[in-house]
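Architecture at a glance
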Amino acid sequence: MVEKKLEKIIFKQDLDRLFEESLKDFTVYGPIEKKGNIVFEKIDKSDNLKLNYLNSKIPPKSVIFPQTETLFEYEKKDDEIIFKESNNVGKKRIIFGIRPCDAHSFTLLETFFSFGKFEDDLFLKKRENTILIGIGCNTPKNTCFCTSVNGHPFKDDDVDIFLVDLTEKYLVTPISDRGKELIEGISWLNNANKNDLKKSVELANNAESAIETNLNLDNISEKLDNNFYNSLWKEISEVCIGCGTCAFLCPTCHCFDVIDEEDHYNNRGRRVRIWDTCQFPLYTLHTSGHNPRSSRIQRCRNRILHKFCYYPQNYDLIGCVGCGRCIQYCPVNNDIRVILDKFQKLSEEEEEKLLVA
Amino acid sequence: MLPELYMPKLTKIRNIRSENQANDIKTFELVFNNQEDLEEFNYIPGQFAELSILGKGECPIGIASSPTEPDSLKFTVKRMGTVTTAMHDSKEEDIVGIRGPFGNGWPIEDMKNKNIVIIGGGFAFSTLRSLTEYLIHESNRSEYGNITVIYGNRNPGELLYEPEIERWKKRDDLNIYLTIDQEAEGWSGMVGYVAPVVKEISPSPDDSIATVCGPPIMIKTTIDVLKELGFSSEQILNSLEMRMKCGVGKCGRCNIGNKYVCIDGPVFSLKELEDMPDEY
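This structure is a prediction, so every number in the text was calculated from the model and none was measured.

1. Some details on the sheet that holds strand 2 (residues 25–32) of chain B
Residue and element names in this part refer to chain B. One open sheet holds the six strands; their spatial order is 4-3-6-1-2-5, and the pairing between them is antiparallel. Each edge of the open sheet is held by one strand with a lone partner, namely strand 4 (57–62) and strand 5 (73–78). This sheet shows a mean twist of 40 degrees between the axes of neighbouring strands, independent of strand direction. Judged from the seven bridges that link them, strand 1 (residues 9–18) and strand 2 form a sheet pairing that is antiparallel. Looking at strand 2, one finds that Asn 15 is bridged to Glu 29.

Next up, the structure:
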């Protein structure tokens, strides 16, 4: 059964009305330009909004999983400790204009944080209270490879509402139930016509063909697993300087450190979690001095395997959305597409070449 | 919202016992402030918990007490880093936060009706203390076969749990062998590294499970001896240590391949370890 989607349109000049009237109960985050980069920040009108952006440098996961996040605050009183909350979990958020790749990363993070016996209630509650309004990518970058990792520049199933830039207006497609509810509540939106829909399909096709990378990732998980000790890892890690940019700008990376900050003289403090990365030796360093991933070879390998081997093994998903940030911002031009391709194309003879311990 | 997963439950230190001559290993007995928290803390030997000194941080420590010892929890802590040093600077009645229990623990159900060989080296004996106390408790002893404890230390001053060991020695349903690296005055136990001592004792592999905890070199040499004696990789269990933060499989760092030591371990059979990448 084909479900009726009830597409609407909104003219670009009406965006302010949308924010000021219809979304006023939400805290809206959108892409704005700052210091030459795109960042997702709180917006209340459309002035600074830049929806024809390529992508933000820092992924919008930071809206609900910020680089530094307070888990709780505490106060010491006499012999007692009193805990206080400090994280705005209940805030109703909208992330406006998120790209399909980044929206897909929310689905991956949700899967990870809810997996197993322990649920990360902090992340999941924030996710639950966040509506995603996505926008199709009319002009993907040359580092984009979403179509190689089950994505698409117009993939709309990770968002609540999907927008397509039709030059003078946006096509507005409600996707989820709450997306539909929200759109139904905005009485002044006009219905989309056949031409709008046709143009949207054309744009989607153009965007898809603009992506030049076409990686064959069939059985990549097994391939990487079988070549854990392959000498290729040495070659790949040789140029890496271990800066961690790839992980810090990755929309699917979720690892964090936990530290306490104490205000000693005022008998209070807080416990925070901070993004961390497997690219740093300190990440795995034992107090004894032993380090299970002391070499850069091991650390480079862990990042690739986590996304393309462990993620598929544990959750039956690829842990990468093809946004290309790690490629674009790597200071030594390490390219995850090239790395995967090299493993995929290893000959039987090359598979025999192992790292020397 | 206070994120439940990361909220420590509060306890008070009831007792601190110094365990070694160097005085850098102490056993802390902790009592929950709320009875409910105690009731919810259902654990088995081999699990661990995250201990907090608020303002200093949190670290994972194996549970040294056995669930057969009610009312309190015991943790044996070596002074090593920020949090463990803060623990050592604490006194009785001070507050310690705790999250847990975490990890899989020793497979006490699968170990039933088996002979158990408990092998420990140095201060890695804490969850083996828990296991031993659990196995010899009157409500459990009949469920298990012969129990052999082999425990090695550098010198007599490093031997942990002396009161418990004295009590264990008096039992006739437990064989205990203590060894130190070199002869020392007044020492009546065995002398030599753990591995050759295990060889000398030669526990039978028939219907047996061996648990091995200690420094890496001791584990490696002991495993070689156990294999020589006929133990299969499935019959040898290890408990791993890893740098951890969350303890619940979210912060990422304790992975070995696609396994997390905090939720899939810390106890792994040698067979499992042989199938895992060499990153521990």
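2. Regarding the sheet that holds strand 12 (residues 236–239) of chain B
All names here are of chain B. The strand order across the open sheet formed by seven strands is 10-9-8-7-11-12-15, and the pairing between neighbours is mixed. Looking at strand neighbours, the two that pair on one side only are strand 10 (190–191) and strand 15 (267–269), the edges of this open sheet. By the bridge criterion, two bridges tie strand 9 (residues 175–180) to strand 10 in an arrangement that is parallel. The partner of Ile 180 across the bridge, within strand 10, is Val 191. Sitting on the sheet, helix 3 (residues 126–136) is in contact with strand 7 (115–121), strand 8 (147–153), strand 11 (208–213) and strand 12, with an inclination near 155 degrees to strand 7. On top of the sheet, helix 5 (residues 194–201) reaches strand 7, strand 8, strand 9 and strand 10; it is set at about 150 degrees to strand 8, its chief contact.

3. Some words on the confidence of the model for chain B
In the predicted model, chain B carries a mean pLDDT of 96, and the fraction of residues at 70 or more is 100%. With a pTM of 0.94, the predicted complex shows an ipTM of 0.93.

4. Observations concerning the domain arrangement of chain B
Residues and elements named next belong to chain B. Here chain B is described as being made up of domain 1 (4–102) and domain 2 (115–239). A C-alpha centroid distance of 24 Å is found between domain 1 and domain 2. In this complex, domain 1 contributes 16 residues to the contact, which on the side of domain 2 involves 14 residues. Its residues placed into classes, the side of domain 1 that touches domain 2 shows five nonpolar, eight polar and three charged.

5. Looking at the packing of helix 2 (residues 100–114) of chain A against helix 3 (residues 121–128) of chain A
All names here are of chain A. In the contact formed by helix 2 and helix 3, the axes pass within 9 Å of each other and the chain directions differ by 140 degrees. In this structure, the crossing between helix 2 and helix 3 has a hand that is left-handed. Contact residues: helix 2 offers Phe 106, Leu 109, Glu 110, Phe 113 and Ser 114, while helix 3 offers Phe 123, Leu 124 and Arg 127.

6. So, the domain arrangement of chain A
Residues and elements named next belong to chain A. If you check the domain split of chain A, you get domain 1 (8–65 + 87–210) and domain 2 (220–259 + 275–351). Each of domain 1 and domain 2 was reduced to a C-alpha centroid, and the two centroids are 28 Å apart. On the domain 2 side, the residues contacting the 23 residues of domain 1 number 17 residues. For the side of domain 1 that touches domain 2, the per-class residue count stands at 11 nonpolar, eight polar and four charged.

7. Quick look at the packing of helix 5 of chain B against helix 6 (residues 216–228) of chain B
Each pair of packed helices can be described by the angle between their axes along with the distance between the axes. Residues and elements named next belong to chain B. For the pair helix 5 and helix 6, the least separation of the axes is 8 Å and the interaxial angle reads 20 degrees. Here helix 5 lies roughly parallel to helix 6, going by the angle between them. You can see that helix 5 and helix 6 cross each other, and the crossing is right-handed. Where helix 5 approaches helix 6, its residues Val 194, Ala 195, Val 198 and Lys 199 are matched on the opposing element by Met 218, Thr 221, Thr 222, Asp 224, Val 225 and Leu 226. Considering only residue class, the contact of helix 5 with helix 6 consists of six nonpolar, two polar and two charged.

Cut-off values and rules
- Residues numbered from 1 in each chain as written.
- Chains lettered and ligands numbered in written order.
- Predicted model: local features only at pLDDT ≥ 70, side-chain atom pairs only at ≥ 80, totals over all residues.
- Pairing = 2+ DSSP bridges.
- Helix = DSSP H or I, 4+ residues; strand = E, 2+ residues; numbered from the N terminus.
- Axes fitted to C-alpha atoms, helices over the stretch in contact; angles between N-to-C directions.
- Contact = placed C-beta atoms within 7 Å.
- pLDDT = per-residue confidence, 0-100.
- Domains from an automatic or database assignment.
- Nonpolar A, V, L, I, M, F, W, Y, C, P; charged D, E, K, R; others polar.
- Left-handed = near helix turned anticlockwise from the far one by under 90°.
- Parallel < 35°, antiparallel > 145°, perpendicular 65-115°, else oblique.

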